[in-house]
Amino acid sequence: MRKPIILFAFAAFALPADAMAQSPELEDTCKSVAKSFFMTDQLAIGTVQSFPELKPPGVRMSYSTRQGTAPAEMTDIFECEFDKADKPHNLARFCVSSTCYAPNADDGDRKRRFDEMRILLNRAEK
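The structure displayed is predicted, hence computed values, not measured ones.

**Student:** So what exactly am I meant to see when it comes to the sheet that holds strand 1 (residues 44-51) here?
**Tutor:** Strand pairing in a sheet relies on backbone hydrogen bonds. The paired strands run either parallel or antiparallel. Here we have 5 strands laid out as an open sheet, ordered 1-2-3-4-5, and antiparallel in their pairing. Among the strands making up the open sheet, the edge pair consists of strand 1 and strand 5 (99-101). Across the sheet, the mean angle from the axis of one strand to that of its neighbour is 15°, orientation sign disregarded. Two elements, strand 3 (residues 76-82) and strand 4 (residues 91-96), share 5 bridges in a ladder whose sense is antiparallel. Paired with Glu-81 across the strands is Arg-93, a residue of strand 4. The sheet strands contacting helix 2 (residues 24-38) are strand 1, strand 2 (58-64), strand 3, strand 4 and strand 5, and the helix crosses strand 3 at an angle near 120°.

Here is the structure:
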């Protein structure tokens, strides 16, 4: 009889801790970057994980550019890294699946896309 009580107690304390570790503010900022990158207001977002305690803080989320896609069917990943967890977040890098965009990217087009997203984010956070 003790096992169910212990498991219930563990679950009751573990779930809120996981929820508190998430950062809705970082998540919203990454969603904004993704929508700007895809140039759409209608980006379907699935599972979102944020890590404000990491250096650099970041967000990883599944997404689909097709509306009506079930979250379980979303296999594409969008990731953001920021200079800090508090606003202004200052975009440090973002990745779309396995392609990353950063200020020091060797590819000129990827560097330009990064600069565009950083400018749009800076405008939005002012």
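Having seen the structure, we can now continue with the description.
**Student:** Can you help me understand the pairing of strand 4 in this one?
**Tutor:** For a regular strand, side-chain orientation follows a simple rule: the groups alternate between the two sheet faces. Examined bridge by bridge, strand 4 and strand 5 share 3 bridges and lie antiparallel to one another. For Val-96, the partnering residue across the bridge sits in strand 5 and is Thr-99. The hairpin formed by strand 4 and strand 5 contains 2 residues between the paired strands, and Ser-97 there has a positive phi angle of roughly 55°.

**Student:** What exactly am I supposed to notice about unusual backbone geometry here?
**Tutor:** Phi is mostly negative for residues that are not glycine, and the peptide bonds are mostly trans. A cis amide bond links Lys-55 to the next residue, Pro-56, at an omega of -5°. For Pro-56, the position within the fold is in the loop between strand 1 and strand 2. The backbone phi angle of Met-39 is positive, close to 55°, even though this residue is not glycine. Of note, Met-39 is situated in the loop between helix 2 and strand 1. Taking relative accessible area as the criterion, Met-39 reaches 75% and is therefore assigned exposed. One non-glycine residue, Ser-97, lies in the positive phi region at around 55°.

**Student:** Sorry if this is basic, but what is going on with helix 2 here?
**Tutor:** Since the α-helix turns once every 3.6 residues, residues separated by three or four places project in the same direction. Relative to the 21 Å expected for 15 residues at 1.5 Å per residue, helix 2 spans 21 Å between its end C-alpha atoms, a close match to the ideal helical length. Among the residues of helix 2, Leu-26, Glu-27, Thr-29, Cys-30, Val-33, Ala-34 and Phe-37 are the ones counted as buried. In a view along the axis of helix 2, the buried residues occupy a sector of 165°, so they form one face of it. Along its buried surface, helix 2 packs onto strand 1, strand 2, strand 3, strand 4, strand 5 and helix 3 (108-124). Following helix 2 by one or two positions, Met-39 adopts a phi angle in the positive range, close to 55°.

The rules behind each value
Residue numbers run consecutively from 1 along every chain, following the written order of its sequence. Since the coordinates come from a predicted model, pLDDT governs what is reported: local features require at least 70, and pairs of side-chain atoms require 80 or more to be given and counted, while whole-chain, interface and lining totals use all residues. Heavy atoms from the whole structure form the basis of all side-chain values; hydrogens and water molecules are not counted. In this description, strands pair whenever DSSP reports at least two bridges between them. Starting at the N terminus, helices and strands are each numbered in turn, a helix being any DSSP run of H or I of at least four residues and a strand any DSSP run of E of at least two. Interaxial angles span 0 to 180 degrees and are taken between N-to-C directions of axes, which are lines fitted to C-alpha atoms, for helices over the stretch in contact. Pairs of residues are marked as contacts when any of their non-hydrogen atoms sit within 4.5 Å. Only protein chains enter the accessibility calculation, which uses a 1.4 Å probe; a residue whose area is less than 20% of its type maximum is buried, one above 50% is exposed, and one in between is partly exposed. One less than the residue count of a helix, multiplied by 1.5 Å, gives the span that helix is expected to have. Think of the arc as the fan of directions from the helix axis to the C-beta atoms.

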